[in-house]
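Okay, here's what each chain looks like letter by letter:
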Protein chains: 2
Amino acid sequence: MRYAIVIEYDGSAYNGFQRQKELPTVQQTLEEALSLKLQEDISVTASGRTDAGVHAAGQVAHFDSRKAIDTSDFGFRLNPLLPRDIAVKACYGVDESFHARFSARRKTYVYRVYLSAIHAPLKEKYNHVCFYDVDIDVMKEACKYLVGEHDFRAFMLSESKVRTTVRTLYEARIDVSEGGRQLEFVFTGNGFLHNMVRSMTGTLIDVGRGRFALSDLPEIIESKKRANAGKTLEGKGLTLISVDYGKPLCDGFVDEKREKVTEND
Amino acid sequence: MRYAIVIEYDGSAYNGFQRQKELPTVQQTLEEALSLKLQEDISVTASGRTDAGVHAAGQVAHFDSRKAIDTSDFGFRLNPLLPRDIAVKACYGVDESFHARFSARRKTYVYRVYLSAIHAPLKEKYNHVCFYDVDIDVMKEACKYLVGEHDFRAFMLSESKVRTTVRTLYEARIDVSEGGRQLEFVFTGNGFLHNMVRSMTGTLIDVGRGRFALSDLPEIIESKKRANAGKTLEGKGLTLISVDYGKPLCDGFVDEKREKVTEND
């Protein structure tokens, strides 16, 4: 039987989601807890990797088990076996057509930036602290250039191997609070390249502080050269907020598009 | 010469503000950095202690030095000598009538509570995570009973020794965000007893979950018995937001009320 789980984690202590030899990862920690709980070897497949230090409020993963799990309170029963920085928030028994990665339609990420001329201890953990003066209105304007279907190669970690670097960004906006000092860069898209959110945010900051002009943005995107865009900000400011599967996850969830898929996921 | 400094700190790693033997404290850490920077023995006096694990966005302290300090960028020059969880945000050369504790007129604290039926890793660090269903409107109503001049002995750590347990609370409100799950209990008063904010918030939560009725609050206050109020919540949810000296701190700040004070502060 296949199960989908929604996971929240503070990524500070982990070397990213994906299992690695001899480095602590979210995947390994989850699999160990699930295997212990269900008394069988469990492998989880997430909607996508998150990098070292990156957080998730609503990561989704699936796993297969021989057991019939009471999904209603599975998180409550599993979480005592997990460290305090990882929690399973929900569990659903889903159809085999559901695949955490291939069934995903949209993802939403938030990158948090705190504007402060001086070091800000209470903002360090979950923000990039930006010491520059930035023009928030210009950055909001710049967001519009990113929205739409583009080849986002200029915002991808250079050594990444992917079939296509074309992605669609449905929304890019900046939420402002705390008297204009707390910025949340919110991005929703059909998929994201490696480091894409972190380098888009770095580029928007560069626009905000005048290092790039608004009119440079189309050229930066067009050039498809990583070196032309802004820097990749730290992982700690980034949180995967949610994964959208076209309809709410629930027990019995079927992915109609993938119902006839025969390959072995 | 006397100097006032505004300090932000993440209290997680410290055993409170006040210096203690063999335990790391904010005071000791600050005094070591200041003494090293100014090459003389510096003692700091804060507006008040904060307990173990409690944070500050705007703690204020004063110290005396023989040096003429360029206050404009003192934080920038001092902060490299401080650990990342403590920062001096501003420094002012003040009149000797200024005393961080005795000149203070009002203080504002925020206690953060996150409502979640299940463990919330991303909220753990700066919130009390509350698993109960609470009625926010009832809690807001309950805040009104706390405002005003009262003997707050029922909200004081039992073994505290103070001249008087009467304090005036000017404001008690609850700011709600994130779809009703993030609560900020904001309290402004002329002074706070030991554990007062933490036990008032615990009591308000008890009202919100129906353990106390609204009408119990006057009796709880009246009783002056710690055992009658709600529990003291964890230090990690509490932040000292600001200390108000009746007018903005600045170079040359004079406390007119204390100008003729002769005792040795």
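The rules behind the values
- Residues numbered from 1 in each chain as written.
- Chains lettered and ligands numbered in written order.
- Predicted model: local features only at pLDDT ≥ 70, side-chain atom pairs only at ≥ 80, totals over all residues.
- Heavy atoms only, no water.
- Contact = heavy atoms within 4.5 Å.
- Salt bridge = Lys/Arg side-chain N within 4 Å of Asp/Glu carboxyl O.
- Polar contact = N/O pair within 3.5 Å; in protein donor to acceptor, adjacent residues only side chain to side chain.
- Helix = DSSP H or I, 4+ residues; strand = E, 2+ residues; numbered from the N terminus.
- Nonpolar A, V, L, I, M, F, W, Y, C, P; charged D, E, K, R; others polar.
- Buried < 20%, exposed > 50% of the residue type's maximum accessible area, 1.4 Å probe, protein only.
- Pairing = 2+ DSSP bridges.
- Phe/Tyr/Trp six-rings, centres within 6.5 Å; stacked < 30°, edge-to-face > 60°.
- Lys NZ or Arg CZ within 6 Å of the ring centre and 35° of its normal.
- Axes fitted to C-alpha atoms, helices over the stretch in contact; angles between N-to-C directions.
- Left-handed = near helix turned anticlockwise from the far one by under 90°.
- Lys, Arg positive; Asp, Glu negative; His and termini not counted.
- Expected span 1.5 Å × (residues − 1).
- Least-squares fit on C-alpha atoms with pLDDT ≥ 70 in both.

A. Summary view of the interface of chain B and chain A. Across the contact, 26 residues belong to chain B and 26 residues belong to chain A. A salt bridge links E124(A) to R84(B), with the nearest nitrogen and oxygen atoms 3.1 Å apart. The interface formed by chain B and chain A contains six residue pairs in polar contact (both at pLDDT 80 or more). Listing elements by their share of the side of chain B that touches chain A, those giving two or more residues are β1 (2-9), β3 (55-64), α2 (74-78) and β4 (86-94) of chain B. Element by element, the count of residues in the side of chain B that touches chain A is highest for β4(B), at four residues. Its residues assigned to classes, the side of chain B that touches chain A shows 13 nonpolar, five polar and eight charged.

B. Structural context of the pairing of strand β5 (residues 106-115) of chain A. Residues and elements named next belong to chain A. Within β5, eight of the ten residues are buried, which leaves the element mostly enclosed by the surrounding structure. Summarising the sheet, β5 and strand β10 (residues 238-244) pair through six bridges and their orientation is antiparallel. Each bridged residue has a counterpart across the sheet, and for Y109 the counterpart in β10 is L240. With eight bridges connecting them, β5 and strand β9 (residues 182-189) associate as antiparallel partners. If you follow R112 over to β9, its bridge partner there is E184. Across three bridges, the pairing between β5 and strand β6 (residues 128-130) is parallel.

C. Quick peek at the packing of aromatic side chains. If you walk through the whole model with that rule in mind, you get 14 aromatic pairs over all chains. Consider the rings of F98(B) and F253(B), whose centres lie 5.5 Å apart with planes at 85°: the pair is edge-to-face. With F98(B) in the loop between β4 and β5 (106-115) and F253(B) in the segment after β10 (238-244), this residue pair connects regions lying 155 residues apart in the sequence. Of the two residues, F98(B) and F253(B), neither departs from the other in class, the shared state being buried. Three or more aromatic residues joined by ring pairs make a cluster, and in this case those are F98(A), Y245(A) and F253(A). Over the ring of Y170(A) we find R106(A), and its NZ or CZ is 3.8 Å from the ring centre. The residue whose ring lies beneath K247(A) is F253(A), and the NZ or CZ to ring-centre distance is 4.6 Å.

D. Seen up close, the packing of helix α3 (residues 136-146) of chain B against helix α5 (residues 216-223) of chain B. All names here are of chain B. At a minimum axis separation of 10 Å, α3 and α5 run at an interaxial angle of 35°. Here α3 and α5 pass one another in a crossing that is right-handed. Along its contact with α3, which presents A142, Y145 and L146, the element α5 presents L217, P218 and I221. Of the residues contributing to the contact of α3 with α5, the split by class is six nonpolar, no polar and no charged.

E. Expanded view of the side chain of E31(A). Mapped onto the elements of the fold, E31(A) is located in helix α1 (residues 26-38). Not counting the four nearest positions on each side in its chain, E31(A) is found in contact with R19(A), I42(A), S43(A) and V44(A).

F. Up close: the pairing of β3(B). Residues and elements named next belong to chain B. Most of β3 sits out of view: nine of its ten residues are buried. Sheet analysis places β1 next to β3, joined by seven bridges and oriented antiparallel. Across the sheet, residue R2 finds its bridge partner in β3, namely D64. With two bridges joining them, strand β2 (residues 45-46) and β3 adopt antiparallel strand pairing. From the neighbouring strand, A46 faces β3, where its bridge partner is A61. Inspection of the sheet shows β3 paired to β10 by two bridges, in the parallel sense. Bridge pairing in β10 places H55 opposite T239.

G. Highlighting the side chain of R167(A). Residue and element names in this part refer to chain A. Tracing the backbone shows R167 in strand β8 (residues 166-177). No salt bridge is formed by the buried R167; the nearest opposite charge belongs to D151, separated by 7.9 Å. There is a polar contact of 2.9 Å between the side chain of R167 and the backbone oxygen of T164. In contact with R167, other than residues within four places in its own chain, are G148, E149, H150, F152, V162, N190, G191, F192, L193 and M196.

H. Structural context of helix α4 (residues 196-208) of chain A. All names here are of chain A. Taking 1.5 Å of rise per residue, 13 residues should cover 18 Å, and α4 covers 18 Å from first to last C-alpha, within 8% of that figure. Most of α4 sits inside the fold, with 13 of its 13 residues counted as buried. Where α4 ends, the next residue or the one after it, G210, has phi of about 85°, a positive value.

I. Region of the structure containing the relation of the copies chain B and chain A. Overlaying chain B on chain A yields an RMSD of 0.0 Å, the required transformation being a rotation through 180° with an accompanying axial translation of 0.0 Å. Here the symmetry operator amounts to a two-fold rotation axis. Among all C-alpha atoms of chain B, that of K125(B) lies closest to the rotation axis, at 4.7 Å. When the interface residues of chain B are mapped onto chain A, 100% of them again fall at the interface, so both copies present the same face.

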